[in-house]
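# Coordinate analysis (summary)
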Amino acid sequence: MSCKSAVYVVEMTATLLATSVDSDELDRIADELAAKPYISQAYWNTSTSE
């Protein structure tokens, strides 16, 4: 019996209302996520297409 390891790639996106954005809090959350060994990238940005 052989055991193969699977690699999964998951992309998550969250859309927040402009009135609920606190850039310092989003920076903290992105930094905390990026520090996890199983997360390769975490960031946030602003968008004008709300």
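Summary of the structure given here. Because the structure is predicted, anything quoted here is derived from the model rather than measured. (Residues numbered from 1 in each chain as written. Predicted model: local features only at pLDDT ≥ 70, side-chain atom pairs only at ≥ 80, totals over all residues. Heavy atoms only, no water.)

## Concerning the overall build of the protein chain
Of the regular secondary structure elements, the protein chain holds one helix and zero strands. The C-alpha atoms of the protein chain give a radius of gyration of 16 Å, which is well past the 10 Å a tight globule of 50 residues would have. By residue count, 4% of the 50 residues in the protein chain fall in the buried class. When the accessible surface of the protein chain is split by element, carbon and sulfur atoms take 54% of a total near 5,300 Å². (Helix = DSSP H or I, 4+ residues; strand = E, 2+ residues; numbered from the N terminus. Rg over C-alpha atoms; globule rule 2.2 N^0.38 Å. Buried < 20%, exposed > 50% of the residue type's maximum accessible area, 1.4 Å probe, protein only. Areas by Shrake-Rupley, 256 points an atom, 1.4 Å probe, with all protein chains shown as cover.)

## Section: the environment of I39
When you line up the elements, I39 lands in the segment after α1 (23-34). Put simply, I39 and V9 are 30 residues apart on the chain and 9.8 Å apart in space, counted from C-alpha to C-alpha. Setting aside its immediate chain neighbours within four residues, I39 contacts L33 and A34. (Contact = heavy atoms within 4.5 Å.)

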